[in-house]
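Notes for the structure review
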Amino acid sequence: MATGKTTHDDACRRQFAQQTAEVGTVAEIGTEDPAAASSVGFETASVHGGYDTSDNHDAASAPIYPSVAYALRSAAHADAIAAGEVSGFSYSRVANPTVDALEQRIAQLEGGIGAVAVGSGMAAVSFALLCAAEGGGRIISPTDLYGASVDAMDTFFPQFGIHTDFVDDINDLAEVESKIGPDTRAIFAETVANPSTEITDLKPLADLAHRYGIALIVDNTVPTPYLLRPIEFGADIVVHSTTKGISGHGNALGGVIVDAGNFDWTNGRFSHLTRKELVISDERNGVWRSFAEAFGNAAFIRRIRTKYVRTFGAVLSPFNAYLQMVGLETLPQRVRQEVATAKLIAQHLRGVDHIVRVNYSGLDDDPQHELVARYLPQGVGTVLSFEVEGEESHVNRIVDGVKLFSYVPNIGDSRSLIVNPARITHREVPERYRLSAGVNDNLLRLSIGLENPADLIADLDQAIAGAY
């Protein structure tokens, strides 16, 4: 169990040495030198992971490959690539060299066997959940989530025959277990909830899921893999909005799905992964395979690429992949500073007039302090929220009154951001779910950036004072 920096880096070194990328309908592309990889920590992997200069004309920085398709050399070579028998690229809707480097790097940082990058964080959430519950399965989820995730599960996925059983508290194992039925395929949660910062107790939740043959899928966007690697605690699939902390500069949309490679997809609940599929078979020679037969413990991530990204087309552009790789290079340094500032601001806001509640589980006396020590000893992330007294008009005056904070519906930016979730990021969430997650009309959410902490505090103080 990772409870500190040394263990965190040791685990990263092991995974960095073992990692090879999953590249969908083509074979693995690119590997790291195990001897070199085994000696590196998280910071080094953030800069060098998943990229080999010798495969890219010795370019020190990963090039942007703005090519739609790739020369197939010969009929025999083309057939081998299409069959997944050799490594290579054919079409950028399936795999692109720049995107592939990002996928390898994030998979290494999360400790997974492979990753698929997509066009946005919601594409990552949607593809992961749809792939798990494909064909009419059910999902168990808390209501304390990003608004679009709740909306997708509550009103949109049912149109595809996929339904969600919501619980008020994902850490109430009895409540979660009471929702498990024969059609349940996955439990979904955010490792650190947005905007409450409630922490999911991953290990017992994973143990419960696995007793029933159910996958645990978690959104790790808020802490990033620098603060928390959920696979180490039993998560099977990890998703991110790479738009947020991974990119870190508010300049590139993206998402990623990471597969731990530990789940048994042949346990009887996932017939779509054990059904023969033409796309990965050889009809002419009478060779038929399922994803589980063809790819074993990588069946899920290969289906994500081959069926979801290739078919639905939520492709990450190579330019955005490049920007996110650049962002990853400074992920540890950025997050360390932002977390320290977020904690200072949360502590300060507790003593400010007109504030009735501060949500930041990283405070030393928070009721979830033991979970923080267990899962997030380096901090819970850069997001916090607070509730003010009075009416919604006071919230409006605060967001209109800040001068340094940007009024922006995003998190994880190098700039500090403020938003009123009930009206913006959680507007589509039904009131009963919003209120159970603490998102009322008097709540404000902050995402802390790289500015001077004293300047940020002064800006909040003047805006709050001016609102009253």
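1. Things to note about the overall build of the chain
- Within the chain, the secondary structure is distributed over 19 helices and 14 strands.
- Taken over the C-alpha trace, the chain has a radius of gyration of 22 Å; the compact-globule value for 468 residues is 23 Å, and the two agree within 12%.
- By its C-alpha atoms, the chain is 75 × 50 × 35 Å across when sized along the principal axes.
- Expressed as a percentage of the 468 residues in the chain, the buried residues total 59%.
- With an accessible surface of roughly 17,600 Å², the chain has 50% of that area assigned to carbon and sulfur atoms.
- If you average the places of the 37 positive and of the 59 negative side-chain charges in the chain, the two averages end up 4 Å apart.

2. Description of the pairing of strand 2 (residues 138-142)
- Along strand 2, four of the five residues are buried, which leaves the element largely enclosed by surrounding structure.
- Of the strand pairs in this sheet, strand 2 and strand 3 (residues 163-167) are connected by five bridges, and their pairing is parallel. By the bridge assignment for strand 3, P142 is matched with V167.
- Looking at chain direction, strand 2 and strand 4 (residues 184-190) are connected through three bridges and run parallel. From the neighbouring strand, R138 faces strand 4, where its bridge partner is T184.

3. Observations concerning the packing of aromatic side chains
- One pass over the full model with this rule turns up 13 aromatic pairs.
- Their ring planes at 40° and their centres at 5.9 Å tell us that F127 and F312 sit as a pair that is tilted. Residue F127 is located in helix 6 (residues 121-133), and its partner F312 is located in helix 13 (residues 299-312); the two are separated by 185 residues in the primary sequence.
- An aromatic cluster of at least three residues, connected via ring pairs, comprises F263, W265, F270 and F300.

4. As for the packing of helix 6 against helix 13
- At a minimum axis distance of 10 Å, the contact between helix 6 and helix 13 shows a crossing angle of 115°. Put simply, helix 6 runs roughly perpendicular to helix 13. As for the relative orientation of helix 6 and helix 13, their crossing is right-handed in sense. Across from F127, A128, L130, C131 and A132 in helix 6, the residues of helix 13 making contact are F300, R303, I304, Y308, V309 and F312.

5. Some words on the pattern of salt bridges
- Taken as a whole and judged by the stated rule, the model has 17 salt bridges.
- Of the charged contacts in the structure, one is a salt bridge between R275 and E277, with a shortest N-O distance of 3.4 Å.
- For R275, a relative accessible area of 40% gives the class partly exposed.
- E277 sits in the buried class, given a relative accessible area of 8%.
- Where E277 meets R303, a salt bridge forms, and the shortest distance between an N and an O atom there is 2.9 Å. Of this pair, E277 sits in strand 8 (residues 276-282) while R303 sits in helix 13, and the two are 26 residues apart along the sequence.

6. Let's talk about the sheet that holds strand 6 (residues 237-240)
- An order of 1-7-6-5-4-2-3 is seen for the seven strands of this open sheet, with the pairing classed as mixed. Every interior strand has two partners, whereas the edge strands, strand 1 (114-118) and strand 3, have only one. Averaged over all neighbouring strand pairs, the angle between strand axes comes to 20°, with direction disregarded.
- Inspection of the sheet shows strand 1 paired to strand 7 (residues 255-259) by five bridges, in the antiparallel sense. Looking across to strand 7, one finds that A115 is bridged to V258.
- Sheet strands touched by helix 5 (residues 97-110): strand 1, strand 6 and strand 7. Its angle to strand 1, the strand with the most contacts, is close to 130°.

7. Regarding the side chain of Q108
- Here Q108 is to be found in helix 5.
- Relative accessible area serves as the criterion here: at 0%, Q108 is assigned to the buried category.
- A distance of 3.1 Å separates the side chain of Q108 from the backbone nitrogen of G50, its partner in a polar contact.

8. Focus on the nonpolar core
- Counting residues in each nonpolar core, the largest one holds 82 residues, and the members touching the most others are I187, L349, F386 and L446.
- Per-element accounting of this core gives the leading share, seven residues, to helix 15 (residues 331-349).
- Apart from the residues lying within four places of it in its own chain, the contact partners of L349 are I355, V358, L384, F386, L446, L460 and I464.
- In this structure, L129, V150, F270 and V429 belong to the second largest nonpolar core, which totals 43 residues.

Reading guide: rules and limits
Residues numbered from 1 in each chain as written. Predicted model: local features only at pLDDT ≥ 70, side-chain atom pairs only at ≥ 80, totals over all residues. Heavy atoms only, no water. Helix = DSSP H or I, 4+ residues; strand = E, 2+ residues; numbered from the N terminus. Rg over C-alpha atoms; globule rule 2.2 N^0.38 Å. Buried < 20%, exposed > 50% of the residue type's maximum accessible area, 1.4 Å probe, protein only. Areas by Shrake-Rupley, 256 points an atom, 1.4 Å probe, with all protein chains shown as cover. Lys, Arg positive; Asp, Glu negative; His and termini not counted. Charge placed at Lys NZ, Arg CZ, Asp CG, Glu CD. Pairing = 2+ DSSP bridges. Phe/Tyr/Trp six-rings, centres within 6.5 Å; stacked < 30°, edge-to-face > 60°. Axes fitted to C-alpha atoms, helices over the stretch in contact; angles between N-to-C directions. Parallel < 35°, antiparallel > 145°, perpendicular 65-115°, else oblique. Left-handed = near helix turned anticlockwise from the far one by under 90°. Contact = heavy atoms within 4.5 Å. Salt bridge = Lys/Arg side-chain N within 4 Å of Asp/Glu carboxyl O. Polar contact = N/O pair within 3.5 Å; in protein donor to acceptor, adjacent residues only side chain to side chain. Core = buried A, V, L, I, M, F, W, Y, C linked by side-chain atoms within 4.5 Å.

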